[in-house]
Amino acid sequence: MSNRVYSKEELDAALASMGITDQTDVSRYGSGHINDTFKVETKRGVRYILQRVNTDIFDPVLLKNNIMRVTTFLKEKGIKSLEVVGYENPWRLYAFLEGYTSVDLVTNPREAELVAGAFAKFQNDLADIPPPRLDDIIAKFHNTVYRIRLLDEAAAADVKGRKANVAKELAFVDARREEAAKIVTMMEKGEIPERITHNDTKINNVMLAPDGSNVVIDLDTTMPGSALYDFGDMVRTSTAAAAEDEKDLSKVYSKKEYFEALVKGYLAQAKFLTETEKSLLAFSGRLITLTIGIRFLTDYLAGDTYFRTAYEDHNLVRCHTQFKMVESMEEQAAEYEEIVRKYSK
Ligand code: ADP
Ligand code: GN1
Ligand code: MG
């Protein structure tokens, strides 16, 4: 996906369909990889977030239903969440979260602890959402075995002739095929419980205020899943010493002090975890980071159709940072396991 350009007429029509006609500025916003996001300024001084849902990825009707259920439920409970001002598929309008900011990189341990607490609380808040079961918005989203199959298919098809560039990366995945099945298999056997989870717990999907309060955003993939995937994705982004697309790999590694802060913040709130889940927290970081790296590599081979990219090899650069993060977590595995044990007592 590249940055699609929208005409003023198209944006004005979308806003008008949701009752907004006094906009003074509509401009691209944020660094999400999936939806098209805009900040809207109005004559009233009220600001909004306008989004066009990526309909290549999401079934917009299912998605709207899911978003409305989740946000209405949280609102009724008095929990601050995304406030839907309008929703006319594929467009939607959220109240702008004034006073909150999102960052792409954690800069101190306290931030990591806050983020972990925020996502743990989010899981807890949604645990009693009434039936029916939330839809599987994207099937097999974090299923690493399935993601490897898609990589194999993309490599076999090699539509852009890029396979020759990625022999090392494919070998990296090959060496880890066996461990990739671990969580999927345990879930199938019922050894790890299904929970309502966020499924995209990267650091810029939580908005933080200076007083430590926060709001979990990007609720598109909130669906049945495993708490381990949510924790794992926090490890991927919130312990990273450098950006997801840093080209200088010597700057890319997983920071132990941030990992410790994450574990502390998560376990303080996630009282619902079973002993089995706790025992897999450190592993889940490596697994999800491998999985997201595989997804970037797959998209590179498939011709950059899924994640928004800014330049030719962007997805390959992202794959490299993810695999470097996996190596860093593998090197520190014993220490990370010890940290989890310390806070599990
Ligand atoms: P994507 O699915 O593409 O990642 P997000 O929903 O995460 O889209 O939005 C992209 C970015 O826009 C977020 O990381 C955040 O910085 C900003 N953003 C989203 N919703 C709001 C909001 N309600 N108020 C302020 N900023 C927001
Ligand atoms: C996407 O939407 P965004 O940018 O927060 C992706 C996640 C990946 C992430 C990698 C729906 O998240 O699964 O982990 O990019 N979201 C979807 O940065 O695929
Ligand atoms: Mg996002």
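Residues numbered from 1 in each chain as written. Chains lettered and ligands numbered in written order. Predicted model: local features only at pLDDT ≥ 70, side-chain atom pairs only at ≥ 80, totals over all residues. Heavy atoms only, no water.

**Student:** Give me the overall build of the protein chain: which residues, what numbers.
**Tutor:** The helix and strand inventory of the protein chain stands at 12 helices and 9 strands. Oriented by its inertia axes, the alpha-carbon framework of the protein chain measures out at about 55 × 50 × 40 Å. Counting the 345 residues in the protein chain, one finds 55% classified as buried. Within the protein chain, contacts between residues separated by at least 24 positions form 74% of all contacts whose residues are at least 6 apart in sequence. When the accessible area of the protein chain is evaluated, it comes to approximately 15,000 Å², of which 51% is carbon and sulfur surface. Computed over 46 positive and 54 negative side-chain charges, the separation of the two mean positions in the protein chain equals 2 Å. (Helix = DSSP H or I, 4+ residues; strand = E, 2+ residues; numbered from the N terminus. Buried < 20%, exposed > 50% of the residue type's maximum accessible area, 1.4 Å probe, protein only. Contact = heavy atoms within 4.5 Å. Areas by Shrake-Rupley, 256 points an atom, 1.4 Å probe, with all protein chains shown as cover. Lys, Arg positive; Asp, Glu negative; His and termini not counted. Charge placed at Lys NZ, Arg CZ, Asp CG, Glu CD.)

**Student:** Give a description of the environment of Ile79 that names residues and reports values.
**Tutor:** With respect to the helices, strands and loops of the structure, Ile79 is situated in the loop between helix H2 (60–76) and strand S4 (84–88). The exposure class assigned to Ile79 is buried, which follows from its relative accessible area of 19%. With 46 residues separating them along the chain, Ile79 and Asp125 place their C-alpha atoms 8.2 Å apart.

**Student:** Run through the coordination of the magnesium ion (ligand 3), naming residues and quoting values.
**Tutor:** Coordination of the magnesium ion (ligand 3) by the protein is provided by Asn205 (OD1) and Asp218 (OD), with metal-donor distances spanning 2.1 to 2.3 Å. Of this pair, Asn205 sits in the loop between strand S6 (195–197) and strand S7 (206–208) while Asp218 sits in the loop between strand S8 (214–216) and strand S9 (223–225), placing them 13 residues apart in sequence. Residue classification places Asp218 among the partly exposed positions, given a relative accessible area of 25%. (Donors = N, O, S within 2.8 Å, 3.2 Å for Na, K, Ca; no water.)

**Student:** I'd love a proper account of the sheet that holds strand S5 (residues 91–95), names of residues and values included.
**Tutor:** Spatial ordering of the open sheet is given by S1-S2-S3-S5-S4, a layout of 5 strands whose pairing is antiparallel. Of all strands in the sheet, those with a lone pairing partner are strand S1 (23–28) and S4, marking the two edges. The average angle at which neighbouring strand axes cross in this sheet is 20 degrees, direction not considered. Two strands pair when backbone bridges link them, and strand S2 (residues 36–42) and strand S3 (residues 47–52) are joined in this way by 6 bridges, in the antiparallel orientation. Residue pairing for S3: Val40 is matched across the bridge by Tyr48. In the packing of helix H1 (residues 8–17) onto the sheet, contacts are made with S1, S2, S3, S4 and S5, and the angle to S1 comes to roughly 115 degrees. (Pairing = 2+ DSSP bridges. Axes fitted to C-alpha atoms, helices over the stretch in contact; angles between N-to-C directions.)

**Student:** Give me the lowdown on the domain arrangement of the protein chain, citing residues and values where you can.
**Tutor:** For an interface, size is often stated in terms of accessible area lost upon the parts coming together. What the domain assignment lists for the protein chain is domain 1 (8–95) and domain 2 (109–344). A separation of 26 Å is found between the C-alpha centroids of domain 1 and domain 2. Contacts between the two partners involve 25 residues from domain 1, matched on the other side by 30 residues from domain 2. The interface formed by domain 1 and domain 2 holds 3 salt bridges in total. Two residues, Asp220 and Arg92, come together in a salt bridge whose shortest N-O distance is 3.0 Å. The interface formed by domain 1 and domain 2 holds 13 residue pairs in polar contact (both at pLDDT 80 or more) in total. Considering every element that reaches the side of domain 1 that touches domain 2, the biggest residue donor is H2, with 10 residues. By residue class, the composition of the side of domain 1 that touches domain 2 is 11 nonpolar, 8 polar and 6 charged. (Domains from an automatic or database assignment. Salt bridge = Lys/Arg side-chain N within 4 Å of Asp/Glu carboxyl O. Polar contact = N/O pair within 3.5 Å; in protein donor to acceptor, adjacent residues only side chain to side chain. Nonpolar A, V, L, I, M, F, W, Y, C, P; charged D, E, K, R; others polar.)

**Student:** Account for the packing of aromatic side chains, with residues named and values stated.
**Tutor:** The full count for this structure, using the stated rule, is 10 aromatic pairs. Judged by centre distance (5.1 Å) and plane angle (40 degrees), the ring pair of Phe231 and Tyr266 falls under tilted. In this pair, Phe231 sits in helix H7 (residues 227–238) while Tyr266 sits in helix H8 (residues 256–269), placing the two residues 35 residues apart along the sequence. Just above the ring of Tyr146 sits the side chain of Lys140; from NZ or CZ to the centre is 5.6 Å. In this arrangement the basic side chain of Lys247 is found over the ring face of Tyr311, its NZ or CZ atom lying 4.4 Å from the centre. (Phe/Tyr/Trp six-rings, centres within 6.5 Å; stacked < 30°, edge-to-face > 60°. Lys NZ or Arg CZ within 6 Å of the ring centre and 35° of its normal.)

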